[in-house]
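So the chains spell out like this:
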Amino acid sequence: MNPYISIVIPVYNEEPNIQRLFSRLYPVMQETGRPFEIIFTDDGSRDRSLELLKALAAANPEVRIVEFNGNFGQHMAILAAFEISRGDIVITLDADLQNPPEEIPKLVAEIEKGHDVVGSIRQKRQDTFFRKTASLMVNIATRKMTGMKMTDYGCMLRAYHRNIVDNINRCQEASTFIPALAQTFASSPSEVEVAHAERLEGESKYSLYKLIRLNFDLMTGFSVVPLQLFALVGILTSLFAVAFAGFLLVRRFIIGAEVEGVFTLFAILFFFLGITIFGIGIVGEYVGRIYQEVRRRPRYVVRTVHGAADEP
Ligand code: UDP
Ligand code: MG
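Only a predicted model underlies this, so the values are computations on that prediction, with no experimental measurement involved. (Residues numbered from 1 in each chain as written. Chains lettered and ligands numbered in written order. Predicted model: local features only at pLDDT ≥ 70, side-chain atom pairs only at ≥ 80, totals over all residues. Heavy atoms only, no water.)

1. Quick word on the overall build of the chain
Right, so step 1: In terms of helices and strands, the chain carries ten helices and eight strands.
Right, so step 2: Dimensions along the principal axes, computed over C-alpha positions, put the chain at roughly 90 × 40 × 35 Å.
Right, so step 3: Here the chain holds 312 residues, and the buried ones make up 44% of them.
Right, so step 4: Restricting the contact set of the chain to residue pairs at least 6 apart, pairs at least 24 apart contribute 83%. (Helix = DSSP H or I, 4+ residues; strand = E, 2+ residues; numbered from the N terminus. Buried < 20%, exposed > 50% of the residue type's maximum accessible area, 1.4 Å probe, protein only. Contact = heavy atoms within 4.5 Å.)

2. Brief notes about the site of ligand 1
Right, so step 1: Close to ligand 1 lie 18 residues; Glu14, Asp43, Asp96, Ser204 and Lys205 are nearest.
Right, so step 2: Here an oxygen atom of ligand 1 and a side-chain polar atom of Asn71 are 3.2 Å apart.
Right, so step 3: Take Arg199: an N or O atom from its side chain is 2.9 Å from an oxygen atom of ligand 1.
Right, so step 4: For ligand 1, the accessible surface in isolation is 540 Å², of which the surrounding protein chains cover 95%. (Near = heavy atom within 4 Å. Polar contact = N/O pair within 3.5 Å; in protein donor to acceptor, adjacent residues only side chain to side chain. Areas by Shrake-Rupley, 256 points an atom, 1.4 Å probe, with all protein chains shown as cover.)

3. Some thoughts on unusual backbone geometry
Right, so step 1: Positive phi outside glycine occurs at Asn13, with the angle close to 50 degrees.
Right, so step 2: Within the fold, Asn13 resides in the loop between strand E1 (5–11) and helix H1 (15–31).
Right, so step 3: For Leu97, which is not a glycine, the phi torsion comes out positive at approximately 65 degrees.
Right, so step 4: Here Leu97 lies in the loop between strand E4 (89–92) and helix H4 (104–112).

4. A closer look at the environment of Glu191
Right, so step 1: Mapping Glu191 onto the fold places it in strand E7 (residues 189–194).
Right, so step 2: When its relative accessible area of 29% is taken as the criterion, Glu191 is described as partly exposed.
Right, so step 3: A C-alpha to C-alpha distance of 35 Å links Glu191 and Tyr291, two positions 100 residues apart in sequence.
Right, so step 4: When neighbours within four sequence positions are excluded, Glu191 is seen to be in contact with Gly119, Ile121, Met150, Thr151 and Asp152.

5. Remarks on the coordination of the magnesium ion (ligand 2)
Around a metal, the idealised angle for a tetrahedral arrangement of four donor atoms is 109.5 degrees; for an octahedral arrangement of six donor atoms it is 90 or 180 degrees.
Right, so step 1: At this site the magnesium ion (ligand 2) is bound by Asp96 (OD) and Gln98 (OE1), with donor distances of 1.9 to 2.0 Å. Exposure class is identical for Asp96 and Gln98. Each is buried. (Donors = N, O, S within 2.8 Å, 3.2 Å for Na, K, Ca; no water.)

6. Remarks on helix H10 (residues 262–295)
Right, so step 1: For H10, with 34 residues, the first-to-last C-alpha span of 48 Å sits near the 50 Å given by 1.5 Å per residue.
Right, so step 2: Among all positions of H10, only Gly279, Ile282, Glu285, Tyr286 and Arg289 are buried.
Right, so step 3: Buried residues in H10 make contact with helix H8 (208–222) and helix H9 (225–254).
Right, so step 4: Immediately beyond the C-terminal end of H10, within one or two residues, lies Arg296, with a positive phi of roughly 55 degrees. (Expected span 1.5 Å × (residues − 1).)

7. Comments concerning the nonpolar core
Right, so step 1: Of all hydrophobic cores here, the largest spans 35 residues; its most connected members are Ile7, Ile9, Ile38, Phe40 and Ile91.
Right, so step 2: Looking at this core, the element that brings in the most residues is H1, giving six residues.
Right, so step 3: Ignoring any residue separated from it by four or fewer positions in sequence, one finds Ile7 in contact with Leu25, Met29, Glu37, Ile38, Ile39, Ile91, Leu93 and Ile104.
Right, so step 4: Counting 33 residues, the second largest nonpolar core, distinct from the first, contains Ile78, Phe82, Val138 and Ile164. (Core = buried A, V, L, I, M, F, W, Y, C linked by side-chain atoms within 4.5 Å.)

8. Things to note about the environment of Leu53
Right, so step 1: Summarising the element assignment, Leu53 is placed in helix H2 (residues 49–59).
Right, so step 2: Overall, Leu53 belongs to the buried group, its relative accessible area being 0%.
Right, so step 3: Placed 31 residues apart in sequence, Leu53 and Phe22 show a C-alpha to C-alpha distance of 9.7 Å.
Right, so step 4: With sequence-adjacent residues up to four places away left out, Leu53 is seen in contact with Val11, Ile18, Phe40, Asp42 and Ile65.

9. Some points on the pairing of E1
Right, so step 1: Taking burial as the measure, the seven residues of E1 include seven buried ones, the bulk of the element.
Right, so step 2: Here E1 shows no split at all, with Ile5, Ile7, Ile9 and Val11 on one side and Ser6, Val8 and Pro10 on the other all buried.
Right, so step 3: As defined by bridge partners, E1 adjoins strand E2 (residues 36–42) across seven bridges and the pair is classed as parallel. Residue Val8 lies in a different strand from E2, and its bridge partner there is Ile39.
Right, so step 4: Of the crossover connections in this fold, the one passing from E1 over H1 to the parallel E2 is right-handed. (Pairing = 2+ DSSP bridges. Right-handed = clockwise from strand over helix to strand, strands pointing away.)

10. Quick word on helix H5 (residues 129–146)
Counting along an α-helix, one turn takes 3.6 residues, and residues three or four places apart therefore face a common direction.
Right, so step 1: A rise of 1.5 Å per residue sets the reference length of H5, with its 18 residues, at 26 Å; its end C-alpha atoms lie 25 Å apart and thus fit the reference within 8%.
Right, so step 2: Within H5 the residues assigned to the buried category are Arg131, Ala134, Ser135, Val138, Asn139, Thr142 and Thr146. Take H5 and look down its axis: the buried residues cluster within an arc of 140 degrees, on one side only. Exposed side chains of H5 directed beyond 90 degrees from the buried face belong to Phe129, Leu136, Met137 and Lys144.
Right, so step 3: Buried residues belonging to H5 abut H8.
Right, so step 4: Backbone geometry just after H5 places Gly147 at a positive phi near 70 degrees. (Arc of directions from axis to C-beta.)

Structure follows, in structure tokens:
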């Protein structure tokens, strides 16, 4: 029998959290009284995470594991699990217990009301100040640029209807941001408030660099506004330069040529130089994306899938 709910959990070096996550998640799922499956993706963990997951899969027929052949990132891990998920409702969750499994029935109920994507807003978010500020800025910028109405992009406790997951599975883009991708397919999105806890054990797997990368994926993967903005700045700069040249010409006739204030000129020059380099960077982001797409490399490599359901 096909499961009704699929739980999808990416795992990267979460050894201390796996058992505790499972012992909270499993009873919640049993209480729903519906058939379910739990799919973990081991994203190339270097600790004993995979071993622990295999033990869970051996003891519980509902558990399946996608074993990656390296670290391909949280979003790829979720996509790989989406590919093999079978439930009518698919729910994503972090492995570090920041998203309480007890909130899952709330999401299920919201989908059953007829919504196809259910996002979540973290009440009293438990993260470091730096992490929160970074997220706040990203949330605002993304809302402005993509025009998508989502309050909290970062919270991965989300539910998707089968249709949405099928559509996501059809996309083959090389790098992506799942909540935003789902939002583009949603016809009736909804949001619920969920509790948020501190990370149970270990550290955030997102370094500053990974975070910046992810945000570029979000900006340039779902919007061309950065390119358009840049073109606009270019036009305004040119207009200003023409006006300035005109002013200097007139000044030359009235007062004469100017020599002082050369360094002011330098300052102005560096300012525009900065804008130019920034622009090349933005163009580069898009070129890089196009390059990734045309190379058509596999986005991730699955070594094996473990779990009772996959035995021949
Ligand atoms: N994760 C992953 N691959 C990565 C980084 C993270 O599968 O390269 C998983 C991680 O195990 C966790 C989830 O993605 O289940 C969220 O990661 P984390 O808690 O480090 O992110 P944060 O809460 O700081 O956004
Ligand atoms: Mg976390």
